[in-house]
Amino acid sequence: MVTVEADAAVEDAVQVMKQHALRRLPVVEDGAVIGVLGQADVARFDETLAGELVEVLSSARDNSAKG
């Protein structure tokens, strides 16, 4: 499972989400899931980052539909 540590910067978490084409990313602390970072959370933090994430996710969805 792809996760991010609780002390990670939002920008770093978004990079992980883009790299793995994830809409939601579990947040862990000491190996336990303590929350989930979603697209809407990113949008509330930074609209530009959210837009970049949407572009990557849309591209990944389009590519998977083609074949």
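Structure: see above.
Residues numbered from 1 in each chain as written. Predicted model: local features only at pLDDT ≥ 70, side-chain atom pairs only at ≥ 80, totals over all residues. Heavy atoms only, no water.

1. Brief notes about the pairing of strand S2 (residues 24-29)
Where strand S1 (residues 4-5) lies against S2, two bridges are found, and the strand directions are parallel. Looking across to S2, one finds that Val4 is bridged to Val27. Connecting S2 to the antiparallel partner strand S3 (residues 32-38) that follows it, the hairpin turn spans two residues, and Asp30 within it adopts a positive phi of roughly 55°. (Pairing = 2+ DSSP bridges. Helix = DSSP H or I, 4+ residues; strand = E, 2+ residues; numbered from the N terminus.)

2. Side note on a nonpolar patch on the surface
Together, Met1, Val33 and Val36 make up an exposed nonpolar region whose accessible area comes to about 360 Å². Mapped onto the elements, Met1 comes out in the segment before S1. Judged by relative accessible area, which is 82%, Met1 ranks as exposed. (Patch = residues over 30% accessible without salt bridge, like charges linked within 9 Å, V, L, I, M, F, W, Y side chains within 5 Å. Areas by Shrake-Rupley, 256 points an atom, 1.4 Å probe, with all protein chains shown as cover. Salt bridge = Lys/Arg side-chain N within 4 Å of Asp/Glu carboxyl O. Buried < 20%, exposed > 50% of the residue type's maximum accessible area, 1.4 Å probe, protein only.)

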